Amino acid sequence: MQTILITGAAGDVGTRLRKLLHGAYPRIRISDIRKPADIHSDEEFIAADLSDYRQVEKITAGIDGIVHLGGYSVEGPWETIHKSNIVGCYNLFEAAYRSGVKRVVFASSNHAVGFYPRDRKIGVDVTVRPDSRYGVSKAFGEAVGALYADKHGLRVTCIRIGNVNDRPLDKRRLSIWIKLVRIGLEHPDIRFEIFYGASSNEAGWWDNSNAARFGYRPEYRSEEFRAQAMAEQAKLAADPIGDRFQGGPFCSDEYDANRKG
């Protein structure tokens, strides 16, 4: 990879990831609807609204690999999700194909499979069971990625993110991210793959052996942070639906208990 593009570069994950990729590739183009405050000397910024195909064509021109973080990052009205995460995602893959981009790393989410119960461990080959309109958009992105990989030869990696935040677990989660992103951009055997953005977790819900096949070796174990995590969990109100399913509050939000048989 000589030149990579990071969409959603002004967002939380984009800002963090850019710091870790700084110096890893000769040229980095970054894009968002708003300009980041901390642009590095080796970064080229081009503003773009992903729902406008012509603007997406401009940011993908001359690019070797894309880390696609752009879009609406939480649950929202369908009109918002559709514009940012459905139309925008399709435009990104179509423009990447037309521009001769070799690889795309798509930021998917565990919310694409959020309605699996917490007592079941799942791999990457299960049927999607999204927990929200946002989750639907991530399942859509994975499907579009598979289409462009199988039909047009793009090399596509979808990473189902757990989460990233400012708690002390941040260093561990960023370590996960940078390793999986670089596998997607660089591994010679990638065609179309789905990984979970997760560290080693014996009690976890996700079987991440597919990522291990491509050399992913997490540095951290979630069990090391169990006491802190349980203390934080104890502060939350009881959520009978969210506590039952892997998607948590995304599942309980707008949940229609009266319609469930």
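Below or above, wherever it landed, is the structure these notes cover. (Residues numbered from 1 in each chain as written. Predicted model: local features only at pLDDT ≥ 70, side-chain atom pairs only at ≥ 80, totals over all residues. Heavy atoms only, no water.)

## Some remarks on the packing of aromatic side chains
Here's step 1: Going through the model one piece at a time under the given rule, you end up with 10 aromatic pairs.
Here's step 2: Taken together, the aromatic side chains of Tyr 90, Phe 93, Tyr 97, Phe 106 and Tyr 148 make up a single cluster linked through ring pairs.
Here's step 3: Positioned over the ring face of Tyr 116 is Arg 129, at 5.0 Å from the centre of the ring. (Phe/Tyr/Trp six-rings, centres within 6.5 Å; stacked < 30°, edge-to-face > 60°. Lys NZ or Arg CZ within 6 Å of the ring centre and 35° of its normal.)

## So, the sheet that holds strand β3 (residues 43-45)
Here's step 1: Reading across from one edge, β3-β2-β1-β4-β5-β6-β7 is the order of the seven strands in this open sheet, with parallel pairing throughout. Looking along the sheet, the strands with just one partner apiece sit at the ends: β3 and β7 (192-197). With strand direction ignored, the average angle separating the axes of adjacent strands in the sheet is 20°.
Here's step 2: The pairing of strand β4 (residues 65-68) with strand β5 (residues 103-109) spans four bridges and is parallel. Looking across to β5, one finds that Ile 66 is bridged to Val 104.
Here's step 3: Strands β1 (3-7), β2 (27-31), β3 and β4 of the sheet are contacted by helix α1 (residues 12-21), whose axis makes an angle of about 160° with β1.
Here's step 4: In this fold helix α3 (residues 78-99) packs onto β1, β4, β5 and β6 (155-161), with an angle of close to 165° to the strand it touches most, β5. (Pairing = 2+ DSSP bridges. Helix = DSSP H or I, 4+ residues; strand = E, 2+ residues; numbered from the N terminus. Axes fitted to C-alpha atoms, helices over the stretch in contact; angles between N-to-C directions. Contact = heavy atoms within 4.5 Å.)

## What about the packing of helix α2 (residues 53-60) against α3?
How two helices sit against one another is set out by the angle between their axes and by the gap between those axes.
Here's step 1: One can describe the packing of α2 onto α3 by two numbers: an axis separation of 9 Å at closest approach and a directional angle of 45°. Classified by the angle between their axes, α2 and α3 sit oblique to one another. Note that α2 runs across α3; the crossing there is right-handed. Contact with α2, carried on its side by Tyr 53, Val 56, Glu 57 and Thr 60, involves Asn 91, Leu 92, Glu 94, Ala 95, Ala 96, Arg 98 and Ser 99 of α3 and no other residues of that element. (Parallel < 35°, antiparallel > 145°, perpendicular 65-115°, else oblique. Left-handed = near helix turned anticlockwise from the far one by under 90°.)

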